[in-house]
Amino acid sequence: MYWYAMKSHDIRRNLATEQYLMNNKKFDEPLVLFYYEGPCIIVGRNQNTLEEINQKYVEEQGITVTRRLSGGGAVYQDLGNLCFSFVVDSDSEEFGDFKSFVQPIVDALHAMGATTAEVSGRNDILVDGKKFSGNAMYSHSGKTFSHGTLMLDVDQDVIAHALNVPADKMKSKGIKSVRSRVTNLKPFLAPQYQNLTVPEFRDTLLKELFHVDDLAAIADKEVQIADSEQAAIDKIFNDYYANWDWVYGNSPEFTVKKRQHFTAGTIDARLMITAGKIEKITFFGDFFGPGDATELADKLAGVRYDRKDVAAVLNSVDTQQYFNGIDTADVIDLLVD
C-alpha cells in the first residue's frame, strides 16, 4: 500500500484531499489515508442536513457542518476521533463489502488489545457490542474509497446534543441516520496503548498495517502532494465541502412544522423547504396584528433556511405589525430552532 497522513484538521479540506487523491492520482497499489479534525458533523450524501443536526447548538458551539460524497448517516467527530480511508480500483473489491475493507483495521486493533472488535451489521465496527466505527463507501471513474471513523476518545456528551433533532418537527425524503449505542475505543486497548494521543494511535495503526517497527521503513510509500496539486484541492474545498449549496442546498425537499404559544397568542408556522431555501411558509394561529401575515410570508420566500438569513429578514421589518406583543427574537427562535 501507499499511505498519507493529512496535515489539516479541517474536515472539509481533508475530504477535498481524499476526493482529489481518488480522482487524480494513479496508484499501482491501494492507498490508505488517515485524518482527524476539530468538532464537526458530516452528513451522508442523501441526507437532509437540517434534519440531522441541532442547528442552534451547532452554531453556538462553532461545529463545522459538511456533506460527504458517500452515503450513510450523519456522524460527529472531534480531535478524539481518527478517520481512515482505503482507496482501491473499483474492480478489486465488491462495492458494499465493508468487511473486506475494514478487516485490516480490525486486525490491527486486535494486535493492540481490542480483541473483541468485530465488523457487525452492514457497515459498523463494534467492541463489546458497542459501536465505535461507522463506515461509508463511494465509487467514481473506476476508483472506490471506503472511509470510516475510529472513536478513540470523542466527547460523547456533544454527540447527544449536536445530533439531537426532534423527530416530529421535520419530515423529508432524506435518508435518516440510525442511532446506535456508541463507545470510545480507548478503554478496550491494552494498557500500553490507552494513553496514546490520536497522532500516536494513527502511527501505531500504520505500523501494524505495514508490519514495520518504524515509519521510516515505509517512507518511500508515503504520498507527496505538490503545491500545484494543493490548488486543485483548494478548488474542491470551495466547490463542495465549504459550499452552502452542497452542504445545505443539496438536501431533499422537506417540510417543517413550528408551533409555540406566547402570552400574546399562538403561532403555528408550516414551511416547505426546497434546496435549503424557504419555498413557502404559512402562518396559522390566534395571534393579532394590523398587518397581514402573508406579507411576511412573501418576504421569507426564497430565503435560506438558516438563522442568519431568516433573522436578517425579520429584523428588517416591524414584526409587531403581524404578531403584536411577540418579540422578534422569539419569532426567530420559533422558526429556526
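Since this is a predicted model, take the numbers as computed values, not measurements.

Student: Looking at this model, I keep getting lost on unusual backbone geometry. Mind explaining?
Tutor: Its identity is not glycine, yet Asp128 carries a phi of approximately 50°, on the positive side. Here Asp128 is to be found in the loop between strand S8 (124-127) and strand S9 (130-140). In this model, Ala275 sits at a positive phi of 55°, which is unusual for a non-glycine residue. Considering the arrangement of structural elements, one finds Ala275 in the loop between strand S13 (265-274) and strand S14 (277-285).

Student: It is not clear to me how the environment of Gln230 should be interpreted in this structure. Could you clarify?
Tutor: Here Gln230 shows up in helix H7 (residues 227-241). Look at Gln230 and you get partly exposed, because its relative accessible area is 30%. Spatially, the C-alpha atoms of Gln230 and Val313 are 39 Å apart, while their sequence positions differ by 83 residues. Those residues in contact with Gln230 that sit more than four places away from it in its chain are Arg13 and Ile225.

Student: Please clarify how the packing of aromatic side chains should be interpreted in this entry.
Tutor: Each aromatic ring pair is characterised by the separation of its centres together with the angle its planes make. Summed over the entire model, instances satisfying the criterion amount to 8 aromatic pairs. Judged by centre distance (5.5 Å) and plane angle (45°), the ring pair of Tyr2 and Phe27 falls under tilted. Note that Tyr2 is positioned in strand S1 (residues 2-5) and Phe27 in the loop between helix H1 (11-24) and strand S2 (31-35), a separation of 25 residues in sequence. Between the aromatic rings of Tyr138 and Phe145, the centroid separation amounts to 5.6 Å while the plane-to-plane angle is 40°, which identifies the pairing as tilted. Phe145 shares its class with Tyr138; the two are buried. Through successive ring pairs, a cluster of aromatic residues spans Tyr240, Tyr241 and Trp246. Across the ring face of Phe237, the terminal group of Arg13 is positioned such that the distance to the ring centre comes to 4.2 Å. Seen from the ring of Trp244, Arg304 lies directly overhead, with NZ or CZ sitting 4.2 Å from the centre.

Student: Even after reading the chapter, I still don't get the nonpolar core, so can you show me in this structure?
Tutor: General note: in soluble globular proteins, nonpolar side chains tend to be found buried as a group. Within the largest apolar cluster, 114 residues are counted, with the highest numbers of intra-cluster contacts made by Ile41, Phe201, Phe283, Leu300, Tyr305 and Leu335. With 7 residues, the single largest contributor to this core is helix H4 (residues 98-111). When we break this core down by domain, the ones giving at least three residues each are domain 1 (2-248) and domain 2 (252-336). Excluding residues that lie within four positions of it along the chain, Leu300 makes contacts with Ile278, Ile281, Phe283, Val310, Val313, Leu314 and Leu335.

Student: Where do I start with the packing of H1 against H7 in this structure?
Tutor: A pair of packed helices is captured by two measures, namely the crossing angle of their axes and the spacing between those axes. Two elements in contact, H1 and H7, have axes whose closest approach is 8 Å; the angle formed by their N-to-C orientations is 120°. Taken together, H1 and H7 sit at an angle that is classed as oblique. Our pair here, H1 against H7, has a crossing hand that is right-handed. Here Arg12, Arg13, Leu15, Ala16, Thr17, Gln19 and Tyr20 of H1 lie close against H7, whose contacting residues are Glu229, Gln230, Ala232, Ile233, Asp234, Ile236, Phe237, Tyr240 and Tyr241. Here the residues of the contact of H1 with H7 sort into 9 nonpolar, 3 polar and 4 charged.

What counts and what doesn't
- Residues numbered from 1 in each chain as written.
- Predicted model: local features only at pLDDT ≥ 70, side-chain atom pairs only at ≥ 80, totals over all residues.
- Heavy atoms only, no water.
- Helix = DSSP H or I, 4+ residues; strand = E, 2+ residues; numbered from the N terminus.
- Buried < 20%, exposed > 50% of the residue type's maximum accessible area, 1.4 Å probe, protein only.
- Contact = heavy atoms within 4.5 Å.
- Phe/Tyr/Trp six-rings, centres within 6.5 Å; stacked < 30°, edge-to-face > 60°.
- Lys NZ or Arg CZ within 6 Å of the ring centre and 35° of its normal.
- Core = buried A, V, L, I, M, F, W, Y, C linked by side-chain atoms within 4.5 Å.
- Domains from an automatic or database assignment.
- Axes fitted to C-alpha atoms, helices over the stretch in contact; angles between N-to-C directions.
- Parallel < 35°, antiparallel > 145°, perpendicular 65-115°, else oblique.
- Left-handed = near helix turned anticlockwise from the far one by under 90°.
- Nonpolar A, V, L, I, M, F, W, Y, C, P; charged D, E, K, R; others polar.

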